[in-house]
Every structure is written in C-alpha cells, then in structure tokens.
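# Examining the three-dimensional arrangement
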Amino acid sequence: MTPLLNEIRHNPVLWLLALVPVVLIAERVAPAAHTLLFLLSLLAIVPLAALLSHATESVAEKTGDAAGGLLNATLGNLTELVIALTALKAGQYALVKGSVAGAIVTNSLFVLGASFLLGGLKHRVQEYNRASARLHAGLLLLAATALLAPSAIAQADVGVGAALTRKLSVGLAVLLILGYAFGLLFSLKTHREFFASAEHGEPGEAAWPLGLALAALAVVTVLVALVSEIFVASVQQAAESFGMSPAFVGFIVVALVGGAAEMAVAFSAARKNRLDLSVSIALGSASQIALFVAPVLVLLSYVIGPAPMDLQFWPGAVVMVIVATLVAAFITNGGRSAWFVGVLLILVYAVFAMTLYVLPQKVH
C-alpha cells in the first residue's frame, strides 16, 4: 500500500477522494438535492479517474499497450454500462441511446483529438502503430452500418412495424457481438504481432506492483459505478436548472463523465509519448461500446427493461456516428500525429456539441 499512499500524499487531485464518501452520504441524506449531487458526483469522479489512470498504466507495463488499452477501455466502459443500465431500468431509452452514440463520438473525436493535441504540444511529431487504428476503424464502420440499417428501413415508406424493427435489432446485436469477438481473436491471438507498440515511450513514474494495481482497478471501478449511479439520478433535473437539452445531456455530458477514467489514462500516455496506448484506448473504447455495450443493452432490455429496446437511433445521432467514424479512420490512416491534427478532431466534436446544445428541450 506504500506506493498508493505516497501517490495520494503527493498528488493534490487525489485529495478530492474525500468527496467520494461525501457524495454517497449526501445521496442518502438529501436525495432531492439534484444540483448538489450532480456537482459532487462530477468532482468525485475526477480523483477516481486519476487513480484508475495510474493503475492501468502499471498493468500496461506488464501486458503491453494493446492489452492495456483493452483493459482500460473495458473498465472505463463499465461506467457507461452502469449509467445505461440505470436509464434502461427506468425506461429512458432516449438517454440510453444518446449516451451510447455520444460515447462513440466522444471517444472517436474528443479523446483521440485531445490525446493528439497534448502529446503533440510536448513531442512535436508522434508515431503509433496504424494497424491497431485501422482495425478499430473497421469495427466502427461495421457498427455504423448496423446502426444505419434500422433507421433506414424505418424512414422508408414500407409499413415497417415496431416488432419487425426489434427483431432486426436483435439479429444485428448478435452480429455485432460476433464481430467484436472476432476482432479480439484477431488482434490478441492470431495476428498479435501486427499490433505491437512502438518503442518510443519515455520513462515515467515507477509502476505499482501488479497486485496493487489490479486491486486498485477493482476497488476504483466499483466506486466509479456507485458515483455514476448518483450522477444518473440527478443529471436530468440538474440539466434543466443549467438550461441543457436532453439531447445535449445524453450525447455530451453523460459521455464525458462516463469516459473520465479512460480520458485520464489516454491523455497521460500521450504526454509520455505512448500514443499507441492513447489510440488503443480512444478507438478501442468507441468500438467496444458500439459492438459490445450497445448490443448487450438491446438484449438486456428484454430482461430488465419495461419494453424491448431497438437499435433505431435518432437520425441526427446516426449521422454524427458515421461522420465521427469516417473522420477518425481518415485521420489515423497515416500512423503519425501532430498537435494540429488533434485540434481538427476537437473542432469537429465542438460542432456536434454546439448543435446539440441549441436544440430545443422537446428534441431527443
């Protein structure tokens, strides 16, 4: 425990860990204070993300950036999954779909762009293994195609009923999960040599022992899930007091908060010239949400939801997912990055965020 205690002692950001029990107690004492709980949960997630960042980097030192990026994406996406499951039980399918589409866009544009920007400001030009980026871009294109299909037939005047759309969504969910499983088999087993990280990372802080890192990952993941539940319960009412539309909340706010953990790791890795880890986290998280989390939510809706959920997204959300996928695929094709590339990605994300912010309250 000595490395963990030293990290807390010397990192002022981790002093905010005191807010974790505060927000848990506040939720019991004043469950109706939505704005207060919203702000406290936001601040409490910050130190948890920082701890998750250091623990994941320590694990990545032992497993390599490809497996480390997958581990971080999986643990980081547990937050999105908890948020989505909470909304799924309540029947808030618009929030579920908005958070899923928003997480894909946020990781593909904002997380990747900010990593390029932060790393480029320190290292001028950075290189990464573009084979990994191409794999995730291909998986995202598969997911974007699957999301387009239900919306396309629903818009056509062919008398498609809700039952047929749900049946199609179940079939697509199974195909997406299979595609994700085959992608893991390809990258981690049969052709893993193609996805080796470039050896240009700079030495950083001493890594934690593997046992401590894994224990920290488990505990912090549980705490992030608990705080995220409080965030979900308060975000809608708090959003109204801040003048945010439901579309903006689901697509931007929930996606940013849910991805705080992997963002911290991706940004830190980029500054340390470990851009392979950053790209693996950003695009790996996006592809995992699109090909695993979203299909699992569709299947779970038949068990825990008030009604089955389909993959028919708001047309604007489908367009944003497709644009984000194509932009990320084009940008990462070269295997090199500089700070201006990150700026371009962030500006595309800002266009989407601004558009959603000015939408009226009735648009979901």
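Scroll up to find the structure this text is about.
Since we're looking at a predicted model, the values are computed, not measured. (Residues numbered from 1 in each chain as written. Predicted model: local features only at pLDDT ≥ 70, side-chain atom pairs only at ≥ 80, totals over all residues. Heavy atoms only, no water.)

Helix α13 (residues 339-357) packs onto helix α12 (residues 315-331) with a crossing angle of 175 degrees between their chain directions and a minimal axis gap of 11 Å. What the angle tells us is that α12 and α13 run roughly antiparallel. Of the residues in α13, those in contact with Met320, Val323, Val327 and Ile331 of α12 are Val341, Leu345, Phe352 and Leu356. Tallied by class, the residues present in the contact of α12 with α13 amount to eight nonpolar, no polar and no charged. (Axes fitted to C-alpha atoms, helices over the stretch in contact; angles between N-to-C directions. Helix = DSSP H or I, 4+ residues; strand = E, 2+ residues; numbered from the N terminus. Parallel < 35°, antiparallel > 145°, perpendicular 65-115°, else oblique. Contact = heavy atoms within 4.5 Å. Nonpolar A, V, L, I, M, F, W, Y, C, P; charged D, E, K, R; others polar.)

A separate point is the environment of Thr86. Note on placement: Thr86 falls in helix α4 (residues 65-89). Thr86 sits in the partly exposed class, given a relative accessible area of 24%. Between the C-alpha atom of Thr86 and that of Ile304, which follows or precedes it by 218 residues, the distance is 10.0 Å. (Buried < 20%, exposed > 50% of the residue type's maximum accessible area, 1.4 Å probe, protein only.)

The next thing to look at is helix α5 (residues 93-123). Taking 1.5 Å as the rise per residue, α5 with 31 residues should run 45 Å; its terminal C-alpha atoms sit 43 Å apart, in good agreement. A bend of about 40 degrees at Thr106 is the largest found in α5. α5 sits mainly inside the fold: 25 of its 31 residues count as buried. Downstream of α5 by one or two residues, Arg124 has phi in the positive range, about 70 degrees. (Expected span 1.5 Å × (residues − 1). Bend = angle between axes of the 7 residues up to and from the residue.)

This part is about the packing of aromatic side chains. Inspection of the entire model under this criterion finds six aromatic pairs. Consider the rings of Phe110 and Tyr349, whose centres lie 5.4 Å apart with planes at 40 degrees: the pair is tilted. One end of the pair, Phe110, is in helix α5; the other, Tyr349, is in helix α13, and 239 residues separate them in sequence. Residue classification places Tyr349 among the buried positions, given a relative accessible area of 6%. Connected via pairs of aromatic rings, a cluster forms that spans Phe110, Phe267 and Tyr349. For Lys97, the ring lying beneath its charged end belongs to Phe313, and the centroid distance is 6.0 Å. (Phe/Tyr/Trp six-rings, centres within 6.5 Å; stacked < 30°, edge-to-face > 60°. Lys NZ or Arg CZ within 6 Å of the ring centre and 35° of its normal.)

All right, on to the pattern of salt bridges then. Applying the stated rule across the entire model yields two salt bridges. Salt-bridge contacts for Arg336 lead to Glu127; the nearest nitrogen and oxygen are separated by 3.8 Å. Placement of Arg336 in strand β2 (residues 336-337) and of Glu127 in strand β1 (residues 126-127) is noted, with a sequence separation of 209 residues between them. Classification of Arg336 by relative accessible area gives exposed; the value is 53%. (Salt bridge = Lys/Arg side-chain N within 4 Å of Asp/Glu carboxyl O.)

These results come straight from atomic positions and should not be treated as a statement about function.
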